[in-house]
Number of protein chains: 2
Amino acid sequence: MEGAVTDGAAPAVEDFFRSRWVEAPAGAEMLSPAQLAPGFRAAGVHCGLKGGGKTDVGLLVCDEPGVRSAVLLTRNAAAAAPVVVCRERCALDAVRAVVVNSGNANAATGEQGIADALAMRDAAAEAVGVAGENVAVAETGVIGVPLDIDAVLRGVREASGRLSPAGGVEFSEAIMTTDRFPKRVTLRLDGVTLSAQAKGAGMIEPGFATMLCFVQTDAVVGDPEAELRRAVAGSFERITVDGQMSTNDTVVLQATGASGKPLPEGLLDAVLLQLALEIVADGEGTERTGRVLVSEAADAEEAERVARAIANSPLVKTALTGRDPNWGRIAQAAGQALAGEEMPEPGPATIDYEELGSDAREAEIGIRLGRGAASAHVYFADLTHEYIRINAEYTT
Amino acid sequence: MEGAVTDGAAPAVEDFFRSRWVEAPAGAEMLSPAQLAPGFRAAGVHCGLKGGGKTDVGLLVCDEPGVRSAVLLTRNAAAAAPVVVCRERCALDAVRAVVVNSGNANAATGEQGIADALAMRDAAAEAVGVAGENVAVAETGVIGVPLDIDAVLRGVREASGRLSPAGGVEFSEAIMTTDRFPKRVTLRLDGVTLSAQAKGAGMIEPGFATMLCFVQTDAVVGDPEAELRRAVAGSFERITVDGQMSTNDTVVLQATGASGKPLPEGLLDAVLLQLALEIVADGEGTERTGRVLVSEAADAEEAERVARAIANSPLVKTALTGRDPNWGRIAQAAGQALAGEEMPEPGPATIDYEELGSDAREAEIGIRLGRGAASAHVYFADLTHEYIRINAEYTT
């Protein structure tokens, strides 16, 4: 799926909403991803964390003081310094600005890491003229390595001089790590504009899987946290590349309300689901994406548990890679997730496995457990030689 | 580790007990693995399930009517027909004979599968002259494919004519599937003899991971089930190749008591742990085995959960493959297992990661959580290109 949205041109609706599992919002007008929602400016610069002159500091600012926001953070108990700073020192419902570095996750860096994340946050606050608590900070990259804070602070100051309403592409590229392609969109529907930028590709050099996503809109959003939680529950929380939860995952929604119009129903969900699927498709070595639908489970927890067991099974993942319609691996994973329980014997009649063996880039599989009426689905990456190469052959 | 014990000669103690994690029982005398414990006879024949004339039916009989036994079976909810037959139709504490096929797991085969497993069991019972309920049946191989029961029944009859006290090697080879080397031992200590045969290599063509293990002794074992449960809890339940629970796992202990001597303390544990480690070392594509020790956990459940999260993390597994001393991946997996909890930030001071980067065939890693006094350990296989090749490039 590389290369579909790599420059600043407005894509066709079907080029952005290209997954079979996402319903494109009817009537959406696609804009250049460089253009942010009204009231937002952004920039990306190179400070030196990444080689080759690639941009590695992103800055995003909302010019509306009354902006409302929500921030969702990883629950990993070994959360990185920027996550701790956001959680403990940030007004998460009133985020004006976001500062990001790509190249250093600032994770497992102790007290110095916290001090560095705070310094980064405060430099951004000063540069754009807002209070420190109104700035969210996100970082992604190598872990356990002290941040080159002087370089980052220089980058933040430089970025503040480049902030532009057309900075979406620059910002989206400044947050990338091992991503093979950028993930971003700007669109207009029912009188509101929404722009979003995401990154994530499984794992990053050489430490942690991280996904970041930033969403801006001029829509009126009554309860940003509730809206964001619902949309994330159906998107970023439904995907798995390698089953590994990052120390740095961060999702930010900012809504100015300046359009006076509500967020069209389903718009945020569709955008976040497509971006989440882009992350799976860009997973380390991913060749094919699968969706597993578990139905007829006894309850929602059980459906979820079985779906995740199947999605994270290396046997199912490699069957997807090898186009092997091997329903036995689905049955085995389901049986393991239900260890100790009774279930009707799964087999070809209760398992939809044909697309495992097809050439479909997005393969749909399913299993009916015959235990009740609950269901759940999970999107997942396959498991390829390239995953092994990236993760085994790179040595710190 | 291939090739260490491949013929019928008695190995040196240190050649069988070759893992750094197993303490060889002091004073043990190694015998030829062909020789079974007194009172047992076995055979292996080719009936046609496997190609190339390889043996694929094994039969093992105890000539002591008063033999005591214990059988442990997989808890997978999609358990295979032989497991269901053992669980529901077998006197598990009085197993006289064991009949095994390798080549067809007889899993997900419905009512016909149950009928076939019963027919196999009854043919063995008739051939050796014991009641059907005193025969355990085990199968391993392809799944979802009807068993060629006529071939198996011919094999059982042929095997019954070849039963021999020196049939241990034949039997151990007749139960192999994709195993690269046989796993078996016979030894004598403190007046008792113990023989054992195991198989397992991660997953088998093309369906399920399966481990089987059969143990025979002339020792007096007061509570075979308790003895076996304890030894299995410290061995087969402490290993993971790919995190996948089989539909067919079966462990059988038979003890005649004819020696009048008790089982020496620790003997069964050491033998089963070494056999379990042979299965990990023979895992699909395994190059290195790891042991992760989690200590200072809040309680035993937590220690176990964190240890399994680390052992099953594809990032930790590939770091082991790549000899990458990447402690961040251990920290990340521990943090994920403790999601939502508080933990002191893990780092180089609390993680023993050096052996990840060494050439040690068996690498020891550890993490101290700083949350309490509980601990747990898990043995695991790395994740290699060969695993992907075997599981993705084989198409049913």
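A quick note: this is a predicted structure, and the numbers were derived from the prediction, not measured.

Residue and element names in this part refer to chain B. On the basis of which strands lie adjacent, the open sheet formed by four strands has the order S2-S3-S5-S6 and mixed pairing. Among the strands making up the open sheet, the edge pair consists of strand S2 (40–45) and strand S6 (135–142). Pairwise comparison of adjacent strand axes, ignoring direction, gives a mean angle of 10° for this sheet. Across six bridges, the pairing between S2 and strand S3 (residues 57–62) is antiparallel. By the bridge assignment, glycine 44 is partnered in S3 with glycine 58. Along the sheet, helix H4 (residues 149–160) contacts S2, S3 and strand S5 (97–104); its crossing angle with S3, the most-contacted strand, is approximately 45°.

At an RMSD of 0.0 Å, chain B and chain A line up after a rotation of 180° and a shift of 0.0 Å along the axis. Here the two chains are linked by the operation of a two-fold rotation axis. In terms of C-alpha distance to the rotation axis, chain B has histidine 385 of chain B as its closest residue, with the C-alpha 2.9 Å off the axis. Looking at the interface residues of chain B, 100% of them are also at the interface in chain A, so both copies use one shared face.

Running from amino to carboxyl end, helix H9 (residues 314–321) of chain A crosses helix H11 (residues 385–392) of chain B at an angle of 70°, the nearest separation of the two axes being 8 Å. In terms of axis orientation, H9 of chain A runs roughly perpendicular to H11 of chain B. Judged by the sense of rotation from one axis to the other, the crossing of H9 of chain A with H11 of chain B is right-handed. Residues Pro314, Leu315, Thr318 and Thr321 of chain A of H9 of chain A pack against Ile388, Asn391 and Ala392 of chain B of H11 of chain B. Residue composition of the contact of H9 of chain A with H11 of chain B, by class: four nonpolar, three polar and no charged.

On to helix H7 (residues 267–281) of chain B. At 3.6 residues per turn, the α-helix brings residues three or four places apart onto the same side. For H7 of chain B, spanning 15 residues, the distance from its first C-alpha to its last is 21 Å, which sits close to the expected 21 Å at 1.5 Å a residue. Most of H7 of chain B is tucked away: 14 of the 15 residues are buried.

In this section: helix H2 (residues 81–89) of chain B. When we look at burial in H2 of chain B, the residues that qualify are Ala81, Pro82, Val83, Val85 and Cys86 of chain B. Elements in contact with the buried residues of H2 of chain B: strand S4 (68–73), helix H3 (110–128), S6 and strand S11 (250–255) of chain B.

The subject of this paragraph is the interface of chain B and chain A. Taken together, the contact between chain B and chain A spans 51 residues of the former and 52 residues of the latter. Of all the secondary structure elements, the ones that give two or more residues to the side of chain B that touches chain A are helix H9 (314–321), helix H10 (327–337) and H11 of chain B. Considering only residue class, the side of chain B that touches chain A consists of 21 nonpolar, 22 polar and eight charged.

The next thing to look at is the domain arrangement of chain A. Residue and element names in this part refer to chain A. Looking at chain A, the domain boundaries give domain 1 (13–18 + 28–281) and domain 2 (289–392). Averaged C-alpha coordinates put domain 1 and domain 2 at centres separated by 32 Å. Listing elements by their share of the side of domain 1 that touches domain 2, those giving two or more residues are strand S10 (239–240) and helix H7 (267–281). If you tally residues by element for the side of domain 1 that touches domain 2, the top one is H7, at three residues. For the side of domain 1 that touches domain 2, the class distribution of residues is six nonpolar, two polar and one charged.

Conventions and cut-offs
- Residues numbered from 1 in each chain as written.
- Chains lettered and ligands numbered in written order.
- Predicted model: local features only at pLDDT ≥ 70, side-chain atom pairs only at ≥ 80, totals over all residues.
- Pairing = 2+ DSSP bridges.
- Helix = DSSP H or I, 4+ residues; strand = E, 2+ residues; numbered from the N terminus.
- Axes fitted to C-alpha atoms, helices over the stretch in contact; angles between N-to-C directions.
- Contact = placed C-beta atoms within 7 Å.
- Least-squares fit on C-alpha atoms with pLDDT ≥ 70 in both.
- Parallel < 35°, antiparallel > 145°, perpendicular 65-115°, else oblique.
- Left-handed = near helix turned anticlockwise from the far one by under 90°.
- Nonpolar A, V, L, I, M, F, W, Y, C, P; charged D, E, K, R; others polar.
- Expected span 1.5 Å × (residues − 1).
- Buried ≥ 20, exposed ≤ 12 C-beta atoms within 10 Å, placed from the backbone.
- Domains from an automatic or database assignment.

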